[in-house]
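Working through the structure, step by step
Spelled out from the first residue to the last, the chains are:
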Amino acid sequence: MLRFEDIVESVKENNPQADLELLKKAYVFSGMVHQGQVRMSGEPYLMHPIAVSHILADLRMDMQCIVTGLLHDTVEDTHTTLEKIDELFGPEVASLVDGVTKISRLTFDKKQDREAENFRKMIFAMSKDIRVLLIKLADRLHNMRTLDALRPDKQRVIARETMDIYAPMANRLGIGWIKTELEDLSFKYLDPERFAYLTERVVQETDAWSKYIDNAKSVIEGALADNGSEGVVTGRVKHLYSINRKMEAQGVDFENIYDIIAFRVIVESIQDCYAVLGLIHSTWKPVPGRFKDYIALPRLNRYQSLHTTVVGPYGIRMEVQIRTHEMHRIAEYGIASHWRYKEGGEINPEDDKTFAWLRQLLEWQRDLKDTDEFMDSLKVDLFPEEVFVFTPNGDIKQFSVGATPIDFAYAVHTDIGNRCVGAKINGKLVPLGTKLRSGDIVDIITSDVHRPRKDWLNHVMSARAKTRIRQWIKNEERTKSISLGTEILGHELERHNLNLDTLLESGKIAEIAMSKFGLSTTESLFATIGYGKVSASSVLKSLLPVKEGLKGGRGKFSFMRMLGRFKGSPRVAKSPVIVRGDDDIMVRYAQCCNPLPGEPIEGLTTLGQGLSIHAHDCVNLMNVDSERLIEVAWAPDINITRPVNLEVLCKNEKGVLAEMTNAIRSADANISSASIGTNPENRAVCTLVVDVRSTGHLDAIVRSLRKINKVLKVSRIKLKNVAVEDERV
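In this text the structure is predicted, and so the values were computed from the model without any measurement. (Residues numbered from 1 in each chain as written. Predicted model: local features only at pLDDT ≥ 70, side-chain atom pairs only at ≥ 80, totals over all residues. Heavy atoms only, no water.)

Looking now at the overall build of the chain. When you go through the chain residue by residue, the secondary structure sums to 28 helices and 21 strands. Split into buried and exposed, the 729 residues of the chain put 47% on the buried side. Across the chain, every contact between residues at least 6 apart in sequence was considered, and the portion connecting residues at least 24 apart equals 65%. Here the chain has roughly 36600 Å² of accessible surface; of this, 49% comes from carbon and sulfur atoms. (Helix = DSSP H or I, 4+ residues; strand = E, 2+ residues; numbered from the N terminus. Buried < 20%, exposed > 50% of the residue type's maximum accessible area, 1.4 Å probe, protein only. Contact = heavy atoms within 4.5 Å. Areas by Shrake-Rupley, 256 points an atom, 1.4 Å probe, with all protein chains shown as cover.)

Next up, the structure:
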């Protein structure tokens, strides 16, 4: 249990010359006015202000701020007045207590947009004095540490607010350790089962990880010593919420998360940082694409460090952060390490330059007394991961980074999104794919004749926009399929001297739709025929006598033929692909996945272009209407070749292309085209187009290439020129 003496020790450690009289006076006063009050846990209420004050002391805040930690609840929870606080502790402390009291009384209005209300709450906290926000963070941190005493429903509400507001606040202010602890504590109550599972798993691995950390740490320290460098090396396991977020983002379980361990090297100068980076990369192989230079390009919260991920001992990935002592102080304490208040509340000019965005906030709050006017005038991105934009009326909308005016249009109303034809950002016409930035004022231009397009799905981020666009496309495709299905069935009926309109009026088509196919409406039947899921001949079998069957007529009239006629595409006899036992259909192969004989495949009906054959796991099938998919299979004993793009990474040595050509020839395959270049690591990158008969044939080609000593990796290029690692390699 914390004591007042702990606060005194922390203050003396950071400021040996501090005058403690005001602090002692605040402690005595707080104890007197909170006397008899207890927290939900049963402990004396005074323990809470002591804990808050101690957190502020650890943040190395000024004396007025630490004193306010002891007094922050006195006006709200006791009969104490601001006038009394002003009289006893001065106007600066009274102003801070007043600021904390006001933000504590803010509540959510359920009728308003939650995101906008969260934003307003943060602005209000910072608008008067940034220290108000730091005190509120300390208050929330201790409340989260003692949240066990509340009911589960209360725990979840407070935890959600903490995750949504206060953890991002701490991150924006650069106070890393508070952000991390708030995330873990929120995670504990928002997903207790997952939290308990990860806690147990981490405990199980603690001994092994401790040994690994000690081993890797000694290697880094040895490399520093051998190079004549000095540095403080520490290692840790990443916090639980970070591990959980990695698992969700990568879609893997705990066993498949590799970069759980992180090391930190703290050195004297920026030059030392880059020198140590070279030592780390010469000791262990760096993971491509995982290096970030936050020294040259600091984060918005002024965080600086070098980040790299390497393949450490035993082939385990580990992150290494390299920074100076000053950078480490900023990373741990954020704005608290820069914001200095001199006598009278003046701000250190150097720190004022460093945090210009905070200075701007303070200028606005001095000029704009009205809260709404202040919020409308604010155009600053508090969250690097989020974008806040304004409607022409001044309302706020929140989106993920990368959102476009199309996201904005659907956030306003589905009808606005569907009729969106253009957009203005800050009064200027922009393409609909333009990415929004915080502070933008967005105005949507609509047209009654305009409709959504499929390529919009490539330019939206929000689930709402994607769902509405897909819904419209599905309805549009259904309308076209109903029209096509009606035409197909009408032609088939005419060949047997039957009239579709007459059958519809008699109710026979509706009866067949229900009894034979389980469809509730004739429109559903027509759509199913249009999609190719049901053939017109199967409907005829229910209408014509068995002996008449599907006789004579003007020749076979198939669904595939109907699809193909729109572009005059020729029928292809004896197709390599079978659709419901029929191998006399017109097909084309999707270029996105380029399926091979032997791979599971799906057929996708396309109006006027026949049947498009995709690999079963093609990502482009995820966004299509399932009613357009048809079960297909490769015909037996087929003898065709399909072009396959292979990327071969190899050593940049003479004769490597000739060796690969010979290897592919020995696998009884032909190279249609080839190109070769080098990557930044001076490795040769060869792109080959090879004629392949089947998956087994591809396996043989890959094995033949792997026998070459110079070859390092073989990948099959799929998904619109995105290289996907072939699991057989």
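Residue placement: R323 occurs in strand 6 (residues 317-324). No salt bridge is formed by the buried R323; its nearest oppositely charged neighbour, E332, is found at 4.7 Å. A distance of 2.7 Å separates a polar atom in the side chain of R323 from a polar atom in the side chain of Y303. (Lys, Arg positive; Asp, Glu negative; His and termini not counted. Salt bridge = Lys/Arg side-chain N within 4 Å of Asp/Glu carboxyl O. Polar contact = N/O pair within 3.5 Å; in protein donor to acceptor, adjacent residues only side chain to side chain.)

On to the packing of helix 1 (residues 4-14) against helix 3 (residues 47-58). For any two helices packed against each other, one specifies the crossing angle of their axes together with the interaxial distance. As a packed pair, helix 1 and helix 3 sit with axes 9 Å apart at the nearest point and diverge in direction by 10 degrees. Relative to helix 3, the element helix 1 lies roughly parallel. Crossing hand, helix 1 versus helix 3: left-handed. Between helix 1, through F4, D6, I7, S10, V11 and N14, and helix 3, the contact on the second element is made entirely by I50, S53, H54, A57 and D58. A per-class count over the contact of helix 1 with helix 3 returns five nonpolar, four polar and two charged. (Axes fitted to C-alpha atoms, helices over the stretch in contact; angles between N-to-C directions. Parallel < 35°, antiparallel > 145°, perpendicular 65-115°, else oblique. Left-handed = near helix turned anticlockwise from the far one by under 90°. Nonpolar A, V, L, I, M, F, W, Y, C, P; charged D, E, K, R; others polar.)

So, about the pattern of salt bridges. Once the charged atoms of two side chains with opposite charge are near each other, the side chains can pair. This model, assessed by the stated rule, comprises 19 salt bridges. A salt bridge links E161 to R140; the shortest N-O distance between them is 2.9 Å. With E161 in helix 10 (residues 152-172) and R140 in helix 9 (residues 130-145), the pair connects residues that are 21 residues apart, well separated along the chain. We note a salt bridge from R329 to E326, for which the minimum N-O separation is 2.7 Å. With R329 and E326 both in helix 15 (residues 325-333), this residue pair falls three residues apart, about one helical turn. Residue class for R329 comes out partly exposed when judged on its relative accessible area of 23%. It is possible to trace a salt-bridge network through shared partners that takes in D62, E92 and R131.

When a protein is soluble and globular, its nonpolar side chains tend to lie buried together. Residues I7, V11, L23, L56, L71 and I85 are the most contacted members of the largest nonpolar core, which totals 55 residues. With near-sequence residues (within four places) excluded, I7 lies in contact with L23, I50, S53, H54, A57, I66 and L70. Membership of the second largest hydrophobic core comes to 36 residues, among which are L224, M247, F263 and I295. (Core = buried A, V, L, I, M, F, W, Y, C linked by side-chain atoms within 4.5 Å.)

The subject of this paragraph is the sheet that holds strand 9 (residues 420-425). A sheet is described by the order of its strands in space; here three strands give the open sequence 10-9-11, paired in antiparallel fashion. For this open sheet the edge positions go to strand 10 (428-430) and strand 11 (442-446), each flanked by a neighbour on one side alone. Between one strand and the next, the sheet's axes are offset by a mean angle of 35 degrees, whatever the strand orientation. In terms of strand pairing, strand 9 meets strand 10 through three bridges, oriented antiparallel. Bridge assignment links K424 to a residue of strand 10, and that residue is L429. The strands touched by helix 19 (residues 405-412) within the sheet are strand 9, strand 10 and strand 11, with strand 11 carrying the most contacts at an inclination of about 80 degrees. (Pairing = 2+ DSSP bridges.)

With 16 residues, helix 9 extends 23 Å between its outermost C-alpha atoms, agreeing within 8% with the 22 Å of an ideal straight helix rising 1.5 Å per residue. With 14 of 16 residues buried, helix 9 lies mostly within the body of the structure. (Expected span 1.5 Å × (residues − 1).)

It is worth spelling out the packing of helix 1 against helix 2 (residues 21-33) at this point. Axis separation between helix 1 and helix 2 bottoms out at 11 Å; the angle between their running directions is 160 degrees. As judged from the angle between their axes, helix 1 and helix 2 are roughly antiparallel. The interaxial crossing formed by helix 1 with helix 2 has right-handed handedness. In contact with F4, I7, V8 and V11 of helix 1, helix 2 contributes L23, K24 and Y27.

The topology assignment puts L712 in strand 20 (residues 711-718). A sequence separation of 64 residues divides L712 from V648, and the C-alpha atoms of the two residues are 7.6 Å apart.

As a further point, take the side chain of T309. Note that T309 resides in strand 5 (residues 306-311). Owing to a relative accessible area of 1%, T309 belongs among the buried residues under this scheme. When sequence neighbours within four positions are dropped, the list of residues in contact with T309 reads P286, V287, R290, R317, M318 and E319.

Here strand 2 (residues 261-267) lies mainly inside the structure; seven of its seven residues are buried. Here strand 2 shows no split at all, with I261, F263, V265 and V267 on one side and A262, R264 and I266 on the other all buried. Here strand 1 (residues 232-237) runs beside strand 2; their pairing, made up of six bridges, is antiparallel. Note on strand 2: the bridge partner recorded for T234 is R264. Examined bridge by bridge, strand 2 and strand 6 share seven bridges and lie parallel to one another. Bridge assignment links I266 to a residue of strand 6, and that residue is R323.

Moving on, we get to the confidence of the model for the chain. A residue-level look at the chain finds 80% of positions with pLDDT of 70 or above and a mean pLDDT of 78. Across residues 349-357, where pLDDT falls below 50, the model places 19 contacts with residues more than four positions away in sequence or in other chains. For the stretch residues 720-729, pLDDT sits under 50, and the model shows 20 contacts to residues farther than four places along the chain or on other chains. (pLDDT = per-residue confidence, 0-100.)

This part takes up the environment of Q304. Structurally, the position occupied by Q304 is in the loop between strand 4 (292-293) and strand 5. The residues touching Q304, leaving out its near neighbours within four places in the chain, are Y294, I295, P298, R323 and M327. In terms of polar contacts, Q304 uses its side chain to reach the backbone carbonyl oxygen of I295, at 3.0 Å.

Moving on: a nonpolar patch on the surface. On the surface, V421, L429 and I445 cluster together to form a nonpolar patch covering roughly 260 Å² of accessible area. Summarising the element assignment, L429 is placed in strand 10. (Patch = residues over 30% accessible without salt bridge, like charges linked within 9 Å, V, L, I, M, F, W, Y side chains within 5 Å.)

With that settled, consider the packing of aromatic side chains. Applying the stated criterion across every chain yields a total of seven aromatic pairs. Seen in terms of ring centroids, Y212 and Y314 are 6.3 Å apart; in terms of plane orientation they differ by 50 degrees. Their pairing is tilted. Of this pair, Y212 sits in helix 12 (residues 192-226) while Y314 is found in the loop between strand 5 and strand 6, placing the two residues 102 residues apart along the sequence. Exposure remark for Y212: the relative accessible area of 6% places this residue in the buried category. You can call Y314 exposed: its relative accessible area is 70%. Among the aromatic residues, those joined into a cluster by ring pairs are F187, F195 and Y241. Stacked on the ring of F89, the Lys or Arg K25 has its end atom at 5.6 Å from the ring centre. The lysine or arginine in question, R642, covers the ring of Y589, its NZ or CZ lying 4.0 Å from the ring centre. (Phe/Tyr/Trp six-rings, centres within 6.5 Å; stacked < 30°, edge-to-face > 60°. Lys NZ or Arg CZ within 6 Å of the ring centre and 35° of its normal.)

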